[in-house]
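Spelled out, the chains give:
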Amino acid sequence: MKAAVLRSIPGRLAVEDVAVDTPAPDEVLVRTVAAGVCRSDHHYLVGHHTTRLPTVMGHEASGIVEAVGEQVSYVGPGDHVVACLMVFCGRCEWCLAGRMALCPQEGTTRDGGRPRLSRSGEEIHPYWGVGAFAEMMLVHEHAVTRIDRDIPLLSASTVGCAVITGLGSVFNTAGVRPGAAVAVIGAGGVGLNVIQGSAVAGAGRIVAIDVFPDKAESARQFGATDVIISRDPVDELMEITHGGVDYAFDAIGQKTTAEHAFASLRPGGTAVLIGMIPEGVDISLPGVDFLYEKTVKGSNMGSTRTRTDIPRYLELYRQGMIKLDELVGRTRPIEEIGIAMDDLERGTVARSVITFDGEA
Ligand SMILES: [Zn+2]
Ligand SMILES: [Zn+2]
């Protein structure tokens, strides 16, 4: 099968012919229909984070189940699914407390024995247990969530990361209250979902911040009440919100954007750091601000419980309360994965989605 493989960090993705194994008893083989291109993928290409190599990148996808292992009863061939890197074990203390985002995922990978993916005998790792930039995904059964067939698979692909991360950071991590003032730094795939999640939660002012004018304008369609185009937005934000916001979300994940999020808070406010801050980067906060009972919270994938939250979000979509179709900026075949990655840097597309065989 065709798959986009990363062989060095930093490096570029190249489409290779990769062999996929048959499902182990607790695994599911999924024919990929659509796979979103996320900023987190890009972090590895530029060397901000490391992972086992070679790896098939991609972690946000939709598809149709092709085959299942003998112990799998949750899905069967023909079922439509969303794949997500939050592969919960279902047994650890975090899973049992409903905090799957903190699960160490023990027992959900193949360590030793036959690899899931390979090329001429060389093991190739599926990125975070998913490996979505490939015609097939062989994953642990807890990597998939079954979805209803009336949901378009192209739009559903964005649910696996951008949607759950953005909405979850609002509903699960922050617990945004009606009437609250919100700032969102970064109006890409995740940021737009923070914006529309805040609107669903009943936030009052929702200020979108980005450096690209096109993106910030599209934020208005998702519920932003105000837009700031700036690399240094804090003064303007303080002015238009009369002293700061109750919740500030950093959907970018840089030292400066994380610090801007904290600096945007009014007394008692909460900064939620969603973006992947590069390994080795520290952030610096003024200590005296903690006298004003300000809070900093990390959010991993929106603190999501996939099989609880994803069906709820799809119901919000069905009821017209959130947008999914509009998240897909453009589609590309797997051969154009490199261009899609470059588009992330250019900031020209909300979400590029790789599609396979015109199925979506
Ligand atoms: Zn992602
Ligand atoms: Zn667990």
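Placed above this text is the structure.
Residues numbered from 1 in each chain as written. Chains lettered and ligands numbered in written order. Predicted model: local features only at pLDDT ≥ 70, side-chain atom pairs only at ≥ 80, totals over all residues. Heavy atoms only, no water.

1. Points about the side chain of Ser62
Inference 1: Mapped onto the fold, Ser62 is located in strand β6 (residues 60-68).
Inference 2: Apart from residues no more than four positions distant in its own chain, Ser62 is found in contact with Arg31, Thr32, Val33, Ala34, Val81, Val82, Met137, Leu153, Ala156 and Ser157. (Helix = DSSP H or I, 4+ residues; strand = E, 2+ residues; numbered from the N terminus. Contact = heavy atoms within 4.5 Å.)

2. Examining the environment of Pro233
Inference 1: Structurally, Pro233 can be placed in the loop between β14 (226-229) and α7 (234-240).
Inference 2: Between the C-alpha atom of Pro233 and that of Val211, which follows or precedes it by 22 residues, the distance is 9.5 Å.
Inference 3: Setting aside residues no more than four positions away along its own chain, Pro233 makes contact with Ile209, Ile228 and His260.

3. Re the sheet that holds strand β2 (residues 13-17)
Within a sheet, adjacent strands bond to each other through the backbone by hydrogen bonds, running parallel or antiparallel.
Inference 1: One open sheet holds the six strands; their spatial order is β2-β1-β5-β9-β8-β3, and the pairing between them is mixed. The open sheet has two free edges, formed respectively by β2 and β3 (19-20), since each of these has just one partner strand.
Inference 2: In the sheet, strand β1 (residues 2-6) pairs with strand β5 (residues 55-56) via two bridges, with the strands oriented antiparallel. The residue bridging Leu6 from the neighbouring strand is Thr55, located in β5. (Pairing = 2+ DSSP bridges.)

4. Some details on the pattern of salt bridges
Oppositely charged side chains are able to pair whenever their charged atoms sit close together.
Inference 1: This model, assessed by the stated rule, comprises 23 salt bridges.
Inference 2: Note that Glu335 and Lys2 form a salt bridge whose closest N and O atoms lie 2.8 Å from each other. In this pair, Glu335 is assigned in the loop between β18 (330-332) and α10 (337-346) and Lys2 in strand β1, connecting sequence segments 333 residues apart.
Inference 3: In this structure Glu335 comes out as partly exposed when scored by relative accessible area, which is 46%.
Inference 4: Here Lys294 makes a salt bridge to Asp289, at a shortest N to O gap of 3.2 Å. For the pair Lys294 and Asp289, one class covers both residues: buried.
Inference 5: Salt bridges here are not isolated pairs; linked through shared partners, they connect Asp21, Glu27, Arg110, Arg114 and Arg116. (Salt bridge = Lys/Arg side-chain N within 4 Å of Asp/Glu carboxyl O. Buried < 20%, exposed > 50% of the residue type's maximum accessible area, 1.4 Å probe, protein only.)

5. Here we look at the coordination of the zinc ion (ligand 2)
Inference 1: Looking at the zinc ion (ligand 2), one finds its protein donor set to be Cys89 (SG), Cys92 (SG), Cys95 (SG) and Cys103 (SG), positioned 2.3 to 2.4 Å from the metal centre.
Inference 2: Each of the four donor atoms bound to the zinc ion (ligand 2) contributes to angles spanning 103 to 117°, and the resulting shape is tetrahedral.
Inference 3: Every donor residue of the zinc ion (ligand 2) comes from the same chain, spaced as C-x2-C-x2-C-x7-C. Here Cys103 lies in the loop between α2 (93-96) and β8 (117-119) and Cys89 lies in the loop between β7 (80-84) and α2, a separation of 14 residues in the sequence.
Inference 4: Relative accessible area serves as the criterion here: at 8%, Cys89 is assigned to the buried category. (Donors = N, O, S within 2.8 Å, 3.2 Å for Na, K, Ca; no water. Tetrahedral: all angles 85-135°; square planar, octahedral: opposite > 155°, others 65-115°.)

6. Thoughts on the side chain of Thr55
Inference 1: You can see Thr55 is positioned in strand β5.
Inference 2: At 2.8 Å, the side chain of Thr55 and the backbone oxygen of His125 are in polar contact.
Inference 3: Engagement of the side chain of Thr55 in a polar contact is seen with the backbone nitrogen of Tyr127, the distance being 3.4 Å.
Inference 4: In contact with Thr55, not counting residues within four places along its chain, are Ala4, Val5, Leu6, Ile124, His125, Pro126 and Tyr127. (Polar contact = N/O pair within 3.5 Å; in protein donor to acceptor, adjacent residues only side chain to side chain.)

7. Focus on the sheet that holds strand β17 (residues 295-298)
Inference 1: Taking strand neighbours across the sheet as the criterion, the six strands line up as β14-β13-β12-β15-β16-β17 in an open arrangement whose pairing is parallel. In this open sheet, the two strands that pair with only one neighbour each are β14 and β17. The average angle at which neighbouring strand axes cross in this sheet is 15°, direction not considered.
Inference 2: In this fold helix α8 (residues 255-263) packs onto β12 (182-185), β15 (245-250), β16 (265-273) and β17, with an angle of close to 150° to the strand it touches most, β16. (Axes fitted to C-alpha atoms, helices over the stretch in contact; angles between N-to-C directions.)

8. What to know about empty space enclosed by the protein
Inference 1: A full pass over the atoms with the stated rule returns one cavity of 30 Å³ or more.
Inference 2: Lining the largest cavity are Val37, Ala340, Asp343, Leu344, Val349, Ala350, Arg351 and Ser352.
Inference 3: Here the lining of the largest cavity gets three residues from one element, more than from any other, and that element is α10.
Inference 4: Grouping the amino acids of the lining of the largest cavity by side-chain chemistry returns five nonpolar, one polar and two charged. (1 Å grid on protein atoms, 1.4 Å probe; cavity = no way out; pocket = protein on both sides within 12 Å on 5 of 7 lines; lining within 4 Å. Points joined across faces, edges and corners; volume = space filled by probe spheres on them. Nonpolar A, V, L, I, M, F, W, Y, C, P; charged D, E, K, R; others polar.)

9. Concerning helix α4 (residues 162-174)
Inference 1: At Gly168, α4 is deflected by roughly 45°, the largest bend along its length.
Inference 2: Burial analysis of α4 places eleven of its 13 residues in the buried class, the great majority of the element.
Inference 3: Those residues of α4 that sit buried are Ala162, Val163, Ile164, Thr165, Gly166, Leu167, Gly168, Ser169, Val170, Thr173 and Ala174.
Inference 4: Looking one or two residues beyond α4, the residue adopting positive phi is Gly175, at roughly 65°. (Bend = angle between axes of the 7 residues up to and from the residue.)

10. Thoughts on a negative patch on the surface
Inference 1: On the surface, Asp232, Asp235, Glu236 and Glu239 cluster together into a patch of negative charge.
Inference 2: If you trace the backbone, Glu236 turns up in helix α7. (Patch = residues over 30% accessible without salt bridge, like charges linked within 9 Å, V, L, I, M, F, W, Y side chains within 5 Å. Areas by Shrake-Rupley, 256 points an atom, 1.4 Å probe, with all protein chains shown as cover. Lys, Arg positive; Asp, Glu negative; His and termini not counted. Charge placed at Lys NZ, Arg CZ, Asp CG, Glu CD.)

11. Thoughts on the packing of aromatic side chains
Inference 1: Summed over all chains, the structure comprises five aromatic pairs.
Inference 2: A centroid spacing of 5.0 Å and a plane angle of 20° characterise the contact between Tyr127 and Trp128, whose relative ring orientation is stacked.
Inference 3: According to the relative accessible area criterion, Tyr127 is buried, its value standing at 1%.
Inference 4: A relative accessible area of 37% places Trp128 in the partly exposed class.
Inference 5: Their ring planes at 35° and their centres at 5.4 Å tell us that Phe262 and Phe290 sit as a pair that is tilted. On the criterion of sequence distance, the pair formed by Phe262 in helix α8 and Phe290 in the loop between β16 and β17 is long-range, its members being 28 residues apart.
Inference 6: According to the relative accessible area criterion, Phe262 is buried, its value standing at 2%. (Phe/Tyr/Trp six-rings, centres within 6.5 Å; stacked < 30°, edge-to-face > 60°.)

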